[in-house]
Amino acid sequence: MQEKLEIAIDFGTSTTSVRCVQQGRIINPVELPNQNNVMDSLFEVKDNDVIFSPVKLTGRNYIHNVKRLLGKSREDCPENEMENIYGATVAYDDDGKPYFSVGVGAGRNKQFRRVNPEQCLVALFKHCVDVVQRKLDRKPTSCCLSIPNYIPDRARRLMKQAAREVGIPCSFMIKEPTAAGVQYFKDVREGNTVIAKIRENENVLVFDFGGGTLDLTIMYRVGNRVVIRAQGGDPNLGGSEIDKLIVKYVCKPCCSRYIVRAGTHAALLPATNGDRYVRRYNKLLQACCEAKEALSSADSVVISIPDDLLGDDDETTKFTLTRTVFENTILSDVMERCRMAIAVLLEQHNINSTSIGHVIMVGGSSKIPAIREMMRSMRCVMPAKDPQTVVVEGTMIASVENIVDSYLEEVLECDLACKTGDTFTKHIRAGTIYPTRAESYYRLTANMGGSKCMELPIYRWLSDHWHQECEIILDTSAFSKGGFFVQTQIRLEVSIDRDGELHYKVYDCNGNSLIGSSSLQLHSPVCCMNPEFPNSRFLASHS
């Protein structure tokens, strides 16, 4: 019988990390020519196969930002998601699911290959398996995955499906800021003395600002355990958003071949759909990303703008971007959105900002000096040793410490509502502890014009809008009384089980008969509850 070997994978918008255990120690099996052996989240098509590429090489055309589209549909994507920020053209099939149209070959032999985000996931997991197998001379048998606070249910299912296809079924998923907390809240041992990083009952805000999302979690420790108080963030704010804002700023004064979009998600779109302009735009986007990283330590940086974007083919325009302009102008909206996300989280869960004792900075975008200074003005900042790898380290610790073997309980991070007519009525609110049960009553008008069923949509509140999660099909034949429109009262019962799955049942109040049911997976649990504290959420203990 093959000995169990579980690996931890943190698939990020910009970078990917993997960890495994060797002789009782957590190690990084990746060996790359960069400081922390973090892999770039890049994909390319070779010989009609999708290949994961951990290092960016010049002269190659890559698919990137795949995580932004994973599990989404056309209606889920903001208008700016249609832009060419992925290294390939994004299109949608008849069901509204996105795919990448990738050119393979050149000249008359050039063909376009359709690549789905889930194919990229399979390529990524295969690469992780190969890396670990080369390092340990053993093949992994399972994996544990980190996920953002906000992630579509379909994305979660696709990740589990891809892991099974590669032969490393997912044993559990853990939210990225929670994983960072697992790693950070573990005590440090200096000689024979154990030093607690966080004091008892001290609220700590995990500020996870990565390439694609801003995830927030508030925790505090009780003895050697950690209580999760609140989870939230902004699923549409990340480092890639900052890159696009830099592109807009450096091109706006002179670029006639680009369309400037106003609004919160402002960016540039090629006015010409030619492949050359798309490639130049992606090259400029990458240059702006590198400039953003350089401004963490430099006072200014020079960005090269290809003049064939501007209408000339012979020269390149040099644009000097200073840190002052970057922080005071380009980042102003981003920082305001960060402040707003924190304020909403505190208000939703009735937490006073003065109770936050420390802020743990996680994610590549948290290394921006202006972001750190903003958080430092709020409370004492405790930067992670490596913001890009603390999540995968915590995920591996969660596996080694057998967190998921305990009694599991989680906190719901967003509101759920039914839509009747044009009205959204909440039936479960953010911050609800589960497992739980709830019931609500609604008055519906059933259209009996030849149909014996109707839909009751279920919505989730995401950041700034209601997102439809599913529809419950109701049998309205019991309502029929000879009329065309019939009003009736229904009772909606919902239960959330230990695995984070919602079970809906709808009853006709007149006859008390079941007229519809549905199930919905919101997110996997990652927390365990101490039986001595039945109203608190806990992570596993770390001694």
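Look above for the structure.
Quantities reported herein were computed from a predicted structural model and do not represent experimental measurements.

Here we look at the overall build of the protein
A count of helical and extended segments in the protein gives 9 helices and 32 strands. Out of the 543 residues belonging to the protein, those deemed buried represent 54%. Sequence separation of 24 or more characterises 60% of the internal contacts of the protein that already satisfy a separation of 6 or more. Summing over all exposed atoms, the protein offers an accessible surface of approximately 24,300 Å²; the carbon and sulfur share of this is 44%.

Points about the sheet that holds strand β28 (residues 453–462)
The strands making up a sheet associate through backbone hydrogen bonding, with each pair oriented either parallel or antiparallel. Read across the open sheet, the 4 strands follow the order β25-β24-β28-β29; overall the sheet is antiparallel. Unpaired on one side and paired on the other, β25 (423–428) and β29 (465–475) mark the two borders of the sheet. The mean inter-strand angle of the sheet, taken between neighbouring strand axes irrespective of direction, is 30°. Relative to β29, β28 is paired through 10 bridges, and the arrangement is antiparallel. Across the sheet, the residue bridging to Arg460 is His467, located in β29.

Here we look at the environment of Leu124
Looking at the secondary structure, you find Leu124 in helix α1 (residues 117–136). Judged by relative accessible area, Leu124 falls into the buried class, the value being 0%. Note: C-alpha distance between Leu124 and Ile51 (73 residues apart in sequence) is 7.8 Å. Setting aside its immediate chain neighbours within four residues, Leu124 contacts Phe11, Thr16, Phe43 and Phe52.

What about the pairing of strand β5 (residues 42–46)?
Most of β5 sits out of view: 4 of its 5 residues are buried. Strand direction decides the pairing type here: β5 and strand β6 (residues 49–53), joined by 5 bridges, are antiparallel. If you follow Leu42 over to β6, its bridge partner there is Ser53. The hairpin formed by β5 and β6 contains 2 residues between the paired strands, and Asp47 there has a positive phi angle of roughly 50°.

Describing helix α4 (residues 239–251)
With 13 residues, α4 extends 19 Å between its outermost C-alpha atoms, agreeing within 8% with the 18 Å of an ideal straight helix rising 1.5 Å per residue. Most of α4 sits out of view: 11 of its 13 residues are buried.

Section: the nonpolar core
Ile7, Phe43, Phe100, Leu121, Phe125 and Ile168 are the most contacted members of the largest nonpolar core, which has 49 residues in total. The dominant element in this core, judged by the number of residues it contributes, is α1, at 11 residues. Setting aside residues no more than four positions away along its own chain, Ile7 makes contact with Val18, Arg19, Cys20, Cys128, Val132, Pro140, Ser142, Cys143, Cys144, Ile168 and Met396. If you look at the next biggest cluster of nonpolar residues, it comprises 45 residues, including Ala230, Tyr281, Cys338 and Met361.

Points about unusual backbone geometry
Unusually for a residue other than glycine, Gln23 sits at a positive phi of about 50°. Tracing the sequence through the fold places Gln23 in the loop between β2 (15–22) and β3 (25–27). For Gln23, a relative accessible area of 80% translates into the label exposed. Look at Asn65: it is not a glycine, yet its phi comes out positive at around 60°. For Asn65, the position within the fold is in the loop between β6 and β7 (89–92).

Here we look at the packing of α4 against helix α6 (residues 323–330)
Packing of α4 against α6 leaves a shortest axis separation of 12 Å and a crossing angle of 110°. In terms of axis orientation, α4 runs roughly perpendicular to α6. Packed against α4, whose contacting residues are Ile242, Leu245, Ile246 and Tyr249, the element α6 presents Val325, Phe326, Thr329 and Ile330 at the interface. Along the lines of polarity and charge, the residues of the contact of α4 with α6 split into 7 nonpolar, 1 polar and no charged.

Remarks on the pairing of strand β15 (residues 214–222)
Of all 9 residues in β15, 8 are buried, a share of seventy percent or more. Here 6 bridges tie strand β14 (residues 203–209) to β15, and the two strands are oriented antiparallel to one another. Looking at β15, one finds that Phe207 is bridged to Leu216. Hairpin connection from β14 to β15: 4 residues lie between these consecutive antiparallel strands.

The rules behind the values
Residues numbered from 1 in each chain as written. Predicted model: local features only at pLDDT ≥ 70, side-chain atom pairs only at ≥ 80, totals over all residues. Heavy atoms only, no water. Helix = DSSP H or I, 4+ residues; strand = E, 2+ residues; numbered from the N terminus. Buried < 20%, exposed > 50% of the residue type's maximum accessible area, 1.4 Å probe, protein only. Contact = heavy atoms within 4.5 Å. Areas by Shrake-Rupley, 256 points an atom, 1.4 Å probe, with all protein chains shown as cover. Pairing = 2+ DSSP bridges. Axes fitted to C-alpha atoms, helices over the stretch in contact; angles between N-to-C directions. Expected span 1.5 Å × (residues − 1). Core = buried A, V, L, I, M, F, W, Y, C linked by side-chain atoms within 4.5 Å. Parallel < 35°, antiparallel > 145°, perpendicular 65-115°, else oblique. Nonpolar A, V, L, I, M, F, W, Y, C, P; charged D, E, K, R; others polar.

Geometric descriptors of this kind do not, in isolation, establish any biological role.
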